[in-house]
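# Report on the structure
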Amino acid sequence: MNYTSTRDSQKSAVLSAEAILTGLSPDGGLYVPCSIPQITLSDIEKLKDMSYIERAKWVLEKYLTDFSADELDQCVVGAYGGGNFGHGDVAPVVKLSDSAYVLELWHGPTCAFKDMALQILPRFLTCSMKKMGETRTTAILVATSGDTGKAALEGFKDVDGTKILVFYPSDGVSDIQKLQMITQDGGNVMVSAIRGNFDDAQNGVKEIFTDNAAIEKLDERGYVLSSANSINWGRLVPQIVYYVSAYCDMVKSGEIALGDKINVCVPTGNFGNILAAYYAKMMGVPIGKLICASNENDVLTEFINTGKYDKNRKFHTTMSPSMDILISSNLERLLYALSESGAADVNALMKSLSDNGSYQLDEAMKSKVSELLWAGSADDKETLRQIAKTFGAHKYLADTHTAVAINVYEQYVAATGDKTKTIIASTASPYKFGDSVLAALDVAIDGKDDFEQASLHQSRDETNANIVPRGMNIADMDDFQKLDLLCKISGMAIPPSLSELKGKEKKYTQVVDKGEMDKVVYEFLT
């Protein structure tokens, strides 16, 4: 399998090892496969009786054809085996209702869906380094809106031949997300907050990647740059696996018949997770509509509904921070796939985005996007209501991002009447956003009922009486008291990786201006 850049009109091809090692194409584009491998219904019939690890090997060998069977086996088993994930199915499908099913992607070591890719990416990368004869140390630069940072740090810590530096917006992650990052162990890691939002962090990293002087300076020091963000194909390709696997699980459980279509609903900011569902669909998995769920930063919702992408808007810091993004980098890959002219169209659109902060699709492209995708958004108030509603109706505790997706899924059904069985991607444990989830459950609001939770109050009072005084305020609790309270209310066990954060040393507390990111890189890579 060869890969080309979304901005390379000459279509010069590289193998997957080079695409993974470099992360970003030298022309600033993203690597995409030159063709999409196919999966048949008879393939799915066989895969449904396999384990997640076996399914992953099957899918990945179609895309990473320059990796040997032994190399892929080591990567896949190392990532998903050995108790690395807290659920035997790795990414289980949980039935929410007759038409809605939750794909839980957060049973890995950092309790977020990013583990699904970032436990295997370091293994892909070290294997690619050997294949490419790379002897320099690989410097991994990461911009995060919360979950990618910790998952990347955990995946790359103490990996030979690598160093990793993570930038995050100082006021744009949850308290638990921040604590996970600034207490990170490992002799090859560094974390820095920036004054700004995620887009500032992401743009700063991209500027370093495309700065020839910076690249030469780091080369002289014995470093080669690479990325662990979803712009790296090695991050995206493992995500295709869990959509294939989810369909297999739906067939195996008898929830659908082989060949029945399902819809997929994904909470997304950078467009990578839903793009993986698109690739699964293009492979031949019977997926119908892709439902794109956004929070108040609804740039993708507007784009899908109007064909106009416009980042010139107010940036909102929300309780679903991993979606607080105005520049959805992976959308470029979809534009390339849907365009008649490929790289020529992408270059024109990306130039308009760079120069004007926006671009407008022509009618043909707009029609393709509308046929493929449906989009909606939910603000923080709607998110809180949805957490309470879902717990009250189904006794299922969703985090803020998953709640956005459930809400938008319900919007879709109300708008279209389509009750096709739908997989809803659940991207994080509710314990990662305890403040917001507790607020939704109304444990700190004395005598108030802002989120229409009468039935939830009754249920909680009957089964969890006297857990907390009605006048007690969440603000008076520390992070770990909040985790304990959420555990008592929900009956859901606290993930050990979060409870073990208590008492850990806070190692990385610096905050820098976004213009100082390159200085931080140089100081770290000395």
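Residues numbered from 1 in each chain as written. Predicted model: local features only at pLDDT ≥ 70, side-chain atom pairs only at ≥ 80, totals over all residues. Heavy atoms only, no water.

### Remarks on the packing of aromatic side chains
This is how it is decided: In this analysis, rings of Phe, Tyr and Trp, with Trp reduced to its six-membered ring, are considered paired at centre separations within 6.5 Å, and the interplanar angle assigns stacked below 30 degrees, edge-to-face beyond 60, and tilted for intermediate values. Where helices and strands are cited, they refer to DSSP runs of H or I of at least four residues and of E of at least two residues respectively, numbered from the N terminus. Each residue's exposure class comes from its accessible area (1.4 Å probe, protein chains only) as a fraction of the maximum for that residue type: buried when under 20%, exposed when over 50%, partly exposed otherwise. As a reminder, the over-ring test applies to NZ of lysine and CZ of arginine, requiring each to be within 6 Å of the ring centre and within 35 degrees of the ring normal.
In the structure shown here, the tally under the stated rule is 12 aromatic pairs. Ring geometry for Y3 against W233: centres 5.5 Å apart, planes inclined by 50°, an arrangement best described as tilted. Taken together, the residues Y3 in strand β1 (residues 2-5) and W233 in helix α11 (residues 233-252) connect sequence positions 230 residues apart. For the pair Y3 and W233, one class covers both residues: buried. Between W374 and Y412 the ring centres are 5.3 Å apart and the planes differ by 75°, which places this aromatic pair in the edge-to-face class. With W374 in strand β14 (residues 373-377) and Y412 in helix α18 (residues 400-416), the pair connects residues that are 38 residues apart, well separated along the chain. Of the two residues, W374 and Y412, both sit in the buried class. What links up through ring pairs into an aromatic cluster is the set Y3, Y63, W233, Y278 and Y279. The positively charged end of K131 is found above the aromatic ring belonging to F67, 5.2 Å away from the centroid. Above the ring of F524, the side-chain terminus of K163 is found at 4.5 Å from the ring centroid.

### Description of empty space enclosed by the protein
We apply this condition: Definitions used for this entry: grid spacing 1 Å over protein atoms alone; cavity, a set of points where a 1.4 Å probe fits but cannot get out; pocket, an open set with protein on both sides within 12 Å along at least 5 of 7 lines; lining residue, one with an atom within 4 Å of a point. Grid points are joined across faces, edges and corners, and a volume is the space filled by probe spheres set on the points. Residues are grouped as follows: Ala, Val, Leu, Ile, Met, Phe, Trp, Tyr, Cys and Pro are nonpolar; Asp, Glu, Lys and Arg are charged; every other residue, Gly included, is polar.
This structure, assessed with the given rule, holds two cavities of 30 Å³ or more. Here the largest cavity is characterised by a volume of approximately 250 Å³. Along its surface, the largest cavity is lined by 24 residues, and F113, K114, G269, N270 and S322 are the ones closest to its centre. Among the elements of the structure, α7 (147-156), α11 and α12 (272-283) are those that each provide at least two residues to the lining of the largest cavity. Of the residues that constitute the lining of the largest cavity, the class distribution is seven nonpolar, 14 polar and three charged. Each pocket or cavity is described by its volume, and for the second largest cavity that value is around 50 Å³. Every residue along the wall of the second largest cavity is listed here: A143, Q202, V205, K206, S227, N229 and I231.

### Notes on α12
Inclusion rule: Take the number of residues in a helix, subtract one, and multiply by 1.5 Å to get its expected span.
Over its 12 residues, α12 runs 17 Å from end to end, which matches the ideal 16 Å to within 8%, given 1.5 Å per residue. Every buried residue of α12 is listed here: G272, N273, I274, L275, A276, A277, Y278, Y279, A280, K281 and M283. G284 sits one or two positions beyond α12 and adopts a positive phi of about 130°.

### With respect to the sheet that holds strand β2 (residues 14-15)
Under the convention used in this document: A pair of strands is labelled paired if DSSP reports no fewer than 2 bridges between them.
One open sheet holds the three strands; their spatial order is β2-β1-β3, and the pairing between them is antiparallel. Only two strands of the sheet have a single neighbouring strand rather than two, namely β2 and β3 (31-33). Sheet analysis places β1 next to β2, joined by two bridges and oriented antiparallel. Looking across to β2, one finds that N2 is bridged to L15.

### Some words on the packing of helix α17 (residues 380-394) against helix α19 (residues 434-441)
This is how the line gets drawn: Note on geometry: axes are C-alpha line fits, over the in-contact stretch for helices, and angles between N-to-C directions span 0 to 180 degrees. For classification, angles of less than 35 degrees are called roughly parallel, those exceeding 145 degrees roughly antiparallel, those between 65 and 115 degrees roughly perpendicular, and all remaining angles oblique. Handedness of a crossing is defined here by the sense of rotation of the near helix relative to the far one, left-handed for an anticlockwise turn of less than a right angle and right-handed for a clockwise turn. Contacts are residue-level and defined by heavy atoms, with any inter-residue pair within 4.5 Å sufficient.
Across the interface, α17 lies against α19 with an axial gap of 8 Å and an inter-helix angle of 65°. Relative to α19, α17 is oriented roughly perpendicular. When you trace α17 past α19, the crossing you get is right-handed. Contact with α17, carried on its side by L384, I387, A388 and F391, involves S436, V437, A439, A440 and L441 of α19 and no other residues of that element.

### Observations concerning the environment of F113
Along the polypeptide, F113 turns up in the loop between β5 (100-104) and α5 (115-118). Classification of F113 by relative accessible area gives buried; the value is 10%. The contact partners of F113, leaving out residues within four places of it in the chain, are L105, W106, Q239, Y242, N273 and T427.

### Notes on the sheet that holds strand β15 (residues 422-426)
Hydrogen bonds between backbone groups are what pair the strands of a sheet, and the pairing can be parallel or antiparallel. Pairing in this open sheet of six strands is mixed, and the strands run β4-β5-β15-β10-β11-β14 from one edge to the other. Strands at the two margins of the open sheet, each flanked by one partner only, are β4 (93-95) and β14. Strand-to-strand twist in this sheet, taken as the mean axis angle between neighbours without regard to direction, amounts to 25°. Here five bridges tie strand β10 (residues 262-267) to strand β11 (residues 287-294), and the two strands are oriented parallel to one another. Paired with P267 across the two strands is A293, which belongs to β11. Each of β11 and β14 touches helix α13 (residues 299-306); the most contacted strand, β14, lies at about 140° to it.

### Section: a negative patch on the surface
Inclusion rule: Residues enter a patch when their relative accessible area is above 30% and they make no salt bridge; the linking distance is 9 Å between like charges and 5 Å between nonpolar side chains (Val, Leu, Ile, Met, Phe, Trp, Tyr). Surface accessibility in these figures is a Shrake-Rupley result with a 1.4 Å probe; residues are shielded only by whichever protein chains are displayed. Salt-bridge detection follows one rule: a side-chain nitrogen of Lys or Arg within 4 Å of a carboxyl oxygen of Asp or Glu. When charges are counted, Lys and Arg contribute as positive and Asp and Glu as negative, whereas His and the chain ends are disregarded. The atom standing in for a charge is NZ when the residue is Lys, CZ when it is Arg, CG when it is Asp and CD when it is Glu.
Taken together, the side chains of E207, D211, E516, D518 and E523 define an acidic patch exposed on the protein surface. Looking at where E207 falls in the secondary structure, it is placed in helix α9 (residues 198-209).

### Quick look at α18
For α18, built from 17 residues, the straight-helix expectation of 24 Å at 1.5 Å per residue is met to within 8% by its first-to-last C-alpha distance of 24 Å. Most of α18 is tucked away: 12 of the 17 residues are buried. Restricting attention to buried positions, one finds in α18 the residues T400, H401, T402, A403, V404, A405, I406, N407, V408, Y409, Y412 and V413. Looking one or two residues beyond α18, the residue adopting positive phi is G417, at roughly 75°.

### So, the pairing of strand β6 (residues 137-143)
Put simply, the rule is: Handedness rule for crossovers: strands pointing away from the viewer, path from the first strand over the helix to the second running clockwise, crossover right-handed.
Buried residues dominate β6, accounting for six of its seven residues. Bridge count for β6 against strand β9 (residues 223-227) is five bridges, and the pairing is parallel. Note on β9: the bridge partner recorded for T137 is Y223. As defined by bridge partners, β6 adjoins strand β7 (residues 162-169) across six bridges and the pair is classed as parallel. The partner of A139 across the bridge, within β7, is K163. On the question of chirality, the crossover connecting β6 to the parallel β7 by way of α7 is right-handed.

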